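Report on the structure
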Amino acid sequence: MTDTVKYLLDEEHLPKSWYNIAADLPEPLAPPLHPGTGQPLGPDDLAPLFPMSLIMQEVSTEREIEIPEPVRDVYRLWRPAPLYRARNLERALDTPAHIYYKYEGVSPSGSHKPNTSVAQAFYNAEEGVKKISTETGAGQWGSSMAFAGAHFGIGVEVFMVKVSYHQKPYRRNMMEVYGARCHASPTGLTNAGRAVLQRDPDSPGSLGIAISEAVEVAATHDDTKYALGSVLNHVLLHQTVIGQEAMKQMEMAGEYPDVVVGCAGGGSNFAGIAFPFIGEGLRGGRKVRAVAVEPAACPTMTRGKYAYDFGDTEHLTPLMKMHTLGHTFMPPGFHAGGLRYHAMAPLVSHLVELGEIEPRAVYQNPSFEAGVMFARAEGIVPAPESTHAIRGAIDEALDAKEKGEERVILFNLSGHGFLDLSAYEAYFAGKLEDSDYDPQALEEALKGLPEAG
Ligand SMILES: *Cc1c(COP(=O)(O)O)cnc(C)c1O
């Protein structure tokens, strides 16, 4: 018994601007600080790393920022993205709740990440930049940046966390198809990489290390800039096309969500779906509950400290005030590589502090269980990251059932899991551990936070 309910928008409803939540914050964000001096950063301090147009977006408090036509044109390859009502999942759960999901896996790289990689490649090309250096964990960001670089004729050099480079060759292959170069980080190509290798020749790498390498390459080459796939204000801004479209699609469905759910690694897909709804509430309109689901093995919002910290291990990035586990913290291995970052976006962290976002941590086995249930009911095999959002949505639906409530739930399905099937294999083989982070290691890492602010 299948009754597919899908809400599609015409191309004319593709958003014309990004929504900047900084315009609606009751209290402004703490400013980023210079890593050397500890003083607030000016736009010029960031100029070696980013094109000026992105720096201006990073500090903007204007509510609407126009999406350039060439970016909208690439968005049209897969946007507007579909919104579905998960009727079969509702039935499987026997819940009175209505569950909707926005599907971002229809993009060329299979996730929400091209919403920002395309914009970043465009602004870099416009400023005459020849090459973009960046990092990637499991490879989703690297492949998204490679796709966008190919489109705008920019070279892309990717530092990929070494353990993933060897374990997950397909994402690397995909980057090469798009013409990018991909290195196993730490490399011998940068001072940062060489320093790590000297300390630990067998280092498996980490996102923090790969960021140090990519930032160093941009800072030391005039024709090269750096790109980040999450965390920064302008990245979250670009993702708001997700929530703006979802708002129109919920209107088509004749409903408004009571709760909006997303998984959170650096916070960008969650912000993408939730910020337009949270903003509505901040301006005096309807309020939603916004639930950000993070992995219990890397519990940035639920166990981290809200403090200034570096974005990388080698202290090259600006200091940002955010929920952090400490830039030296090594989370235990788990299969949602995209959620394995030590910190959370400053905007998401700030809104958690203001009580506008409810953080929640879940283990990976219950997440995969939710992902498998979703795939059997709805047909789409979710990315391991996205299964955390599904877990969050299912828990909301079960809670509504217990209380006999007709709750309207909207979640973001950030990507598909076609290149992550080995994680499902491990799940079915009972090989996934619900490992906790090491509290002692966390305490140690938090001791290493910089004295700032
Ligand atoms: C990268 C990634 C994430 C996590 O990143 P955010 O910035 O928190 O969105 C989540 N889902 C998928 C499919 C990803 O590729």
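I will try to describe carefully the structure that is included in this document.

Rules and cut-offs
Residues numbered from 1 in each chain as written. Predicted model: local features only at pLDDT ≥ 70, side-chain atom pairs only at ≥ 80, totals over all residues. Heavy atoms only, no water. Helix = DSSP H or I, 4+ residues; strand = E, 2+ residues; numbered from the N terminus. Rg over C-alpha atoms; globule rule 2.2 N^0.38 Å. Buried < 20%, exposed > 50% of the residue type's maximum accessible area, 1.4 Å probe, protein only. Core = buried A, V, L, I, M, F, W, Y, C linked by side-chain atoms within 4.5 Å. Contact = heavy atoms within 4.5 Å. Pairing = 2+ DSSP bridges. Axes fitted to C-alpha atoms, helices over the stretch in contact; angles between N-to-C directions. Phe/Tyr/Trp six-rings, centres within 6.5 Å; stacked < 30°, edge-to-face > 60°. Lys NZ or Arg CZ within 6 Å of the ring centre and 35° of its normal. Salt bridge = Lys/Arg side-chain N within 4 Å of Asp/Glu carboxyl O. Near = heavy atom within 4 Å. Polar contact = N/O pair within 3.5 Å; in protein donor to acceptor, adjacent residues only side chain to side chain. Areas by Shrake-Rupley, 256 points an atom, 1.4 Å probe, with all protein chains shown as cover.

Check the secondary structure of the protein chain and you find 19 helices and 15 strands. Against the globule reference of 22 Å for 453 residues, the protein chain gives a C-alpha radius of gyration of 20 Å, in line with a compact fold. Considered along the principal axes of its C-alpha atoms, the protein chain spans approximately 60 × 50 × 45 Å. Looking at the protein chain as a whole, 63% of its 453 residues are labelled buried.

Okay, the environment of proline 276 next. By the element assignment, proline 276 lies in helix H13 (residues 268-282). Given the relative accessible area of 5%, proline 276 is considered buried. When the C-alpha positions of proline 276 and valine 241 are compared, they lie 8.9 Å apart, and in sequence the two are 35 residues distant.

Looking now at the nonpolar core. In summary, soluble globular proteins display a tendency toward joint burial of nonpolar side chains. By size, the foremost hydrophobic cluster in this structure holds 37 residues, and its most contacted members are Leu89, Ile99, Tyr101, Phe374, Ile409, Phe411 and Leu413. The greatest single-element share of this core, amounting to 6 residues, is contributed by helix H17 (residues 384-403). Not counting the four nearest positions on each side in its chain, isoleucine 99 is found in contact with Tyr84, Arg85, Ala86, Leu89, Glu90, Leu93, Ala397, Ile409 and Phe411. With 35 residues, the next largest nonpolar core counts Val288, Ala292, Val348 and Ile357 among its residues.

Here we take up the sheet that holds strand E11 (residues 289-295). Taking strand neighbours across the sheet as the criterion, the 7 strands line up as E1-E4-E5-E15-E10-E11-E14 in an open arrangement whose pairing is mixed. Bordering the open sheet on either side are strand E1 (5-7) and strand E14 (357-362), each of which pairs with just one other strand. Strand-to-strand twist of the sheet, defined as the mean angle between neighbouring strand axes without regard to direction, takes the value 25°. As paired strands, E1 and strand E4 (residues 83-85) are joined by 3 bridges and run antiparallel to one another. Among the inter-strand pairings, valine 5 is bridged to a residue of E4, identified as arginine 85.

This part is about the packing of aromatic side chains. With the rule as written, the count across this model stands at 15 aromatic pairs. A network of ring pairs unites the aromatic residues Tyr75, Trp78, Phe147 and Tyr178 as a single cluster. The side chain of arginine 172 reaches across the aromatic face of tyrosine 165, ending 4.0 Å from its centre.

Taking burial as the measure, the 5 residues of strand E13 (residues 320-324) include 4 buried ones, the bulk of the element. Pairing geometry for strand E12 (residues 305-309) and E13, over 5 bridges, is antiparallel. For lysine 305, the partnering residue across the bridge sits in E13 and is threonine 324.

The next subject is the pattern of salt bridges. Throughout the structure, instances matching the rule amount to 25 salt bridges. Here glutamate 314 and arginine 199 are joined by a salt bridge, their closest N and O atoms 3.1 Å apart. Residue glutamate 314 is located in the loop between E12 and E13, and its partner arginine 199 is located in helix H9 (residues 191-199); the two are separated by 115 residues in the primary sequence. Between aspartate 399 and arginine 407 there is a salt bridge, with the nearest N and O atoms lying 2.8 Å from each other. Residue arginine 407 is classed as buried on the basis of its relative accessible area, which comes to 6%. Several salt bridges share partner residues, and in doing so they unite Arg289, Glu358, Arg360, Glu396, Asp399, Lys403, Glu405 and Arg407 into one network.

The next point concerns the site of the ligand. Around the ligand, 18 residues are found, and the nearest of them are Lys113, Ser230, Gly265, Ser268 and Ser414. In this structure, glycine 266 approaches the ligand through a main-chain N or O atom, which is 3.0 Å from an oxygen atom. For the ligand, the protein covers 98% of the area, taking 380 Å² as the surface of the free molecule.

Strand order in the open sheet formed by 4 strands is E8-E7-E6-E9, and the pairing between neighbours is parallel. Of all strands in the sheet, those bounded by a partner on one side alone are strand E8 (181-185) and strand E9 (224-226). For this sheet, the mean inter-axis angle between neighbouring strands, taken without regard to orientation, is 25°. Bridge count for strand E6 (residues 131-136) against E9 is 3 bridges, and the pairing is parallel. The residue bridging serine 133 from the neighbouring strand is tyrosine 226, located in E9.

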